[in-house]
Amino acid sequence: MSQLSERPEKPVVGVSLPHESAFQHVTGAALYTDDLVHRTKDVLHAYPVQVMKAHGRITALRTEPALAVPGVVRVLTGADVPGDNDAGMKHDEPLFPEEVMFYGHAVAWVLGETLEAARLGAAAVEVELDEKPAIVTVREAIEAESFHGARPHMETGDVDAGFADSVHVFTGEFTFAGQEHFYLETHAALALIDEGGQLFIQSSTQHPSETQEIVSHVLGIPAHEVTVQCLRMGGGFGGKEMQPHGFAAVAALGAKLTGRPVRFRLNRTQDLTMSGKRHGFHASWKIGFDAEGRIQALDATLTADGGWSLDLSEPVLARALCHIDNTYWIPNARVAGRIARTNTVSNTAFRGFGGPQGMLVIEDILGRVAPLLGLDPVELRERNFYRPGQGQTTPYGQPVTQADRISAVWEQVKENASLADRRREIAAFNAAHPHTKRALALTGVKFGISFNLTAFNQGGALVLIYKDGSVLINHGGTEMGQGLHTKMMQVAATTLGIPLHRVRLAPTRTDKVPNTSATAASAGADLNGGAIKNACEQLRERLHQVAGTQLGGNASDVRIVEGVARVLGSDKELAWEDLVRTAYFQRVQLSAAGFYRTEGLHWDAKAFRGTPFKYFSHGAAATEVEVDGFTGAYRIRRVDIVHDVGDSLSPMIDIGQVEGGFVQGAGWLTLEDLRWDTGDGPHRGRLQTQAASTYKLPSFSEMPEEFNVALMENATEEGAVYGSKAVGEPPLMLAFSVREALRQAAAAFGPSGASVELASPATPEAVYWAIESVREGDEKRTDITPGTHALSNA
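Residues numbered from 1 in each chain as written. Predicted model: local features only at pLDDT ≥ 70, side-chain atom pairs only at ≥ 80, totals over all residues. Heavy atoms only, no water.

## Concerning the sheet that holds strand E10 (residues 199-203)
Okay, step 1: Read from one edge to the other, the open sheet built from eight strands follows the order E3-E5-E1-E12-E9-E10-E11-E20, with strand pairing classed as mixed. Looking at the sheet topology across the chains shown, the edges are occupied by strand E3 (72-76) and strand E20 (508-509). (Pairing = 2+ DSSP bridges. Helix = DSSP H or I, 4+ residues; strand = E, 2+ residues; numbered from the N terminus.)

Right, here's the structure in full:
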């Protein structure tokens, strides 16, 4: 076992613990960014001047009427920017634009003594616009050939020969929707300036170092004059990886120009209409199978809806291509990617970061063609799994080294869910109920862990031991409710060999740990845990030297367990507090900076080849649904999940992540229906679902009536911190089982062998129309002959 994954005697990792801030959360004591306004004197409030047109060039911007509003202090415009007027890393997101690119685009910001004064001031600003045609949907962009950014191309094997060898060939297309993050806490920042002109910014951001970088660019000052702190976030899900930077820059610019603290917070409608979402996609594909239903070739084009600017669309698209195989070996594949440029908000990172979109394409294909191949969907999927010992690689060339786990979690779910018995019960129920049908579907997940950009796979930490033996840890990861801080405290206590109560964690700050990566890509625990472990190991080695001298033994024989140092083979003991105090008086350094970099990664973005991921996380889920044939309404009766998190750092946290990820994935696939005005009227491009009243989120009523989650046992991951694996994103894709169960339930209303096209999200309305299609026999084909069969799902 590697040094990184090996666990010492009586570790604190692996123990089920509540979230480190759980008590504060439930009592209301936990502070979030906007709570700090009430602790800050003379705060100004920033409010956006939004233009309610989807596209047009600004011909006039008159701010004088706003300055006449009582309480308005200043109006920020592009003329006020001393540095780079851009809030993006691709230099295509002007902070103060001259061209409106989406409905609700902010073109200026008003600073007021009160939020109401700022709001009235923003309403008074006069903007004249030379309107231009707007592209709203990804289909419109494809027709207009409106694209931007890179166009990756992934190819393996001989695709043409693969199709020539195929007995069955199908073609089709699939358009599926994005998803709103709908974190509880909207975007917020608070900027303060000190007597030296240096900025301190409290921000609800997943990437403090990048927030620091953007603010320094906008203000034209070096990074060391900007400190960004993130106390915690009330949810992020990727929506606060890139998007907070410009908002923080507005607050920072206001503070710089006025000398007063500036508070920025979007209300819910502003957050929904101004911030990016999960990328919707369009996919066109052609797939070939042999006579036994094994995939021979895949040719696909994936088009991501990037919105008006690039943001993170290029890496999102790259990850989608890297996950189109999911758990299936595709010997011959050709997949092209492109990014549609539309006049909507700039879409951004969202839990899974393109992986769900790529995997949904192959899962939708298999779900649609299984009946046409005369195969049970479970059997079709099993026949195409990656197999251990076959030397199989992904379409981009990475070996699948744990293929046995794909089938292991699959078989365990089948056993836990009593799959065979329940499917017989479902068949009997369906035979007896003509207007209500049930179905049970099983799907799997293989998700790559690491940032596609190799440079991001690094983490830092600062660990301080005080004279009384208490320990303070700082790391570069941010806490958005996912339990990262809890795990990091467990890692520190385990490495030092002390009780957890000895460890406290400080808020994430750029002046404590510099140049950090975003807390994203499910890599937070891997990167920051490795860095904390490294820092604690440095400290432990120094303390072992001291303990060895005090106890009359070799430093290599010292062990610190539960806060007591001992030498192997001796009864002598030295309490942690005494050891630390002794080390201090011997002038031993009691602080250490830790660092971790993920080894073994290589990625050639142009060739689209390499090993971009440290490992794959695996999981499987079985979902049973019941569908009403009159309305399409449905309920989730039962879910069984087995998920691979390696050796869990914190089992209760990980189970909560699996449950939450699954429910969020089910929301994306079945409920959350983003709608824009696509008409030619004055509100073209307007987001119509801009509140919880029109955008349906999963709630208690959508929760499975029975929800069983198990973590894979004996699953140590060599080369990861204490043998653990990432957990944040992979469980979201387990929700494919919900969509596939709905497809199968809809099919049960029609003749055997019906192929069901199902929209995504599969709302009750969409399920109803799928049922109607089956009843009418639009796709009642049950025979398969060699050739190409066209399917579409728009």
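## Concerning the environment of Thr-519
Okay, step 1: Mapped onto the fold, Thr-519 is located in the loop between E20 and helix H15 (524-551).
Okay, step 2: If we skip the residues at most four places from it in the chain, Thr-519 touches Gln-206, Gly-476, Gly-477, Thr-478, Met-480, Gln-482 and Leu-484.
Okay, step 3: Of the polar contacts made by the side chain of Thr-519, one reaches the backbone nitrogen of Thr-478; its length is 2.7 Å. (Contact = heavy atoms within 4.5 Å. Polar contact = N/O pair within 3.5 Å; in protein donor to acceptor, adjacent residues only side chain to side chain.)

## Comments concerning the packing of aromatic side chains
Okay, step 1: What the rule picks out here adds up to 19 aromatic pairs.
Okay, step 2: Residues Phe-182 and Tyr-695 carry aromatic rings whose centres are separated by 6.2 Å and whose planes lie at 5° to one another, so their mutual orientation is stacked. Of this pair, Phe-182 sits in the loop between strand E8 (168-176) and strand E9 (188-193) while Tyr-695 sits in the loop between helix H17 (651-670) and strand E29 (706-711), and the two are 513 residues apart along the sequence.
Okay, step 3: Seen from their ring centres, Tyr-584 and Phe-585 are 5.2 Å apart, and the 75° between their planes marks the pair as edge-to-face.
Okay, step 4: With a relative accessible area of 64%, Phe-585 lands in the exposed category.
Okay, step 5: Among the aromatic side chains, those forming a connected cluster through ring pairs are Tyr-396, Trp-603, Phe-608, Phe-613 and Phe-616.
Okay, step 6: The ring of Phe-616 is capped by Lys-446, whose NZ or CZ atom sits 4.2 Å from the centre of that ring.
Okay, step 7: One Lys or Arg, Lys-467, reaches over the ring of Tyr-584 and ends 4.7 Å from the middle of that ring. (Phe/Tyr/Trp six-rings, centres within 6.5 Å; stacked < 30°, edge-to-face > 60°. Buried < 20%, exposed > 50% of the residue type's maximum accessible area, 1.4 Å probe, protein only. Lys NZ or Arg CZ within 6 Å of the ring centre and 35° of its normal.)

## Thoughts on the sheet that holds strand E16 (residues 436-449)
Strand pairing in a sheet is mediated by backbone hydrogen bonds. Such pairs are either parallel or antiparallel.
Okay, step 1: The mixed open sheet is built from four strands, whose spatial order is E16-E27-E28-E29. The open sheet has two free edges, formed respectively by E16 and E29, since each of these has just one partner strand. Each neighbouring strand pair of the sheet contributes to a mean axis angle of 15°, computed without reference to strand direction.
Okay, step 2: Here strand E28 (residues 634-643) runs beside E29; their pairing, made up of six bridges, is parallel. Bridging from a neighbouring strand, Val-642 pairs with Ala-710 of E29. (Axes fitted to C-alpha atoms, helices over the stretch in contact; angles between N-to-C directions.)

## A closer look at unusual backbone geometry
Okay, step 1: With an omega of 15°, the peptide bond running from Ser-760 to Pro-761 counts as cis.
Okay, step 2: Its location among the elements puts Pro-761 in the loop between helix H18 (736-747) and helix H19 (764-776).
Okay, step 3: Within the chain, Phe-182 stands out as a residue other than glycine whose phi angle is a positive 45°.
Okay, step 4: Relative accessible area serves as the criterion here: at 15%, Phe-182 is assigned to the buried category.
Okay, step 5: With phi around 55°, Phe-608 is a residue other than glycine that occupies positive phi space.

## Remarks on the environment of Gly-397
Okay, step 1: By the element assignment, Gly-397 lies in the loop between helix H11 (377-383) and helix H12 (403-416).
Okay, step 2: Looking at Gly-397, the relative accessible area reads 24%, which means it is partly exposed.
Okay, step 3: In this structure, Gly-397 is in contact with Arg-609 and Gly-610, ignoring residues within four places of it in sequence.

## Topic: the pattern of salt bridges
Okay, step 1: A full pass over the atoms with the stated rule returns 56 salt bridges.
Okay, step 2: A salt bridge links Arg-502 to Glu-577, with the nearest nitrogen and oxygen atoms 2.0 Å apart. With a gap of 75 residues between them, Arg-502 in the loop between helix H14 (484-496) and strand E19 (503-505) and Glu-577 in helix H16 (residues 576-585) connect regions that are remote in the sequence.
Okay, step 3: For Arg-502, a relative accessible area of 18% corresponds to the buried category.
Okay, step 4: By relative accessible area, which is 27% here, Glu-577 ends up partly exposed.
Okay, step 5: Salt bridges here are not isolated pairs; linked through shared partners, they connect Glu-363, Asp-364, Arg-368, Arg-381, Arg-739, Glu-740, Arg-743 and Glu-757. (Salt bridge = Lys/Arg side-chain N within 4 Å of Asp/Glu carboxyl O.)

## Considerations on the side chain of Thr-156
Okay, step 1: Mapping Thr-156 onto the fold places it in strand E7 (residues 153-156).
Okay, step 2: Residue classification places Thr-156 among the buried positions, given a relative accessible area of 15%.
Okay, step 3: Excluding anything up to four places from it in sequence, Thr-156 contacts Ile-330, Pro-331, Asn-332, Ala-333, Pro-395 and Arg-609.

## Focus: helix H9 (residues 313-322)
Okay, step 1: In terms of burial, H9 is a largely internal element, eight of the 10 residues being buried.
Okay, step 2: Among all positions of H9, only Ser-313, Val-316, Leu-317, Ala-318, Arg-319, Ala-320, Leu-321 and Cys-322 are buried.

## Quick word on the pairing of E9
Okay, step 1: Where E9 meets strand E12 (residues 262-265), four bridges bridge the pair, whose relative direction is antiparallel. Counterpart to Leu-190 in the pairing with E12 is Arg-263.
Okay, step 2: Here five bridges tie E9 to E10, and the two strands are oriented antiparallel to one another. Following the sheet pairing, Leu-190 is matched in E10 by Gln-202.
Okay, step 3: Counting the residues that bridge the hairpin from E9 to E10 gives five residues, and of these Gly-197 lies at a positive phi of roughly 80°.

## Looking at the packing of H17 against H18
Okay, step 1: Their axes nearest at 8 Å, the elements H17 and H18 cross at an angle of 45°. When the axis of H17 is compared with that of H18, the two are oblique. Here Phe-662, Ala-666, Trp-668, Leu-669 and Thr-670 of H17 lie close against H18, whose contacting residues are Phe-736, Ser-737, Val-738, Arg-739 and Leu-742.
Okay, step 2: Residues that form the contact of H17 with H18 fall into these classes: seven nonpolar, two polar and one charged. (Parallel < 35°, antiparallel > 145°, perpendicular 65-115°, else oblique. Nonpolar A, V, L, I, M, F, W, Y, C, P; charged D, E, K, R; others polar.)

None of the figures reported here should be taken as evidence of function without further support.
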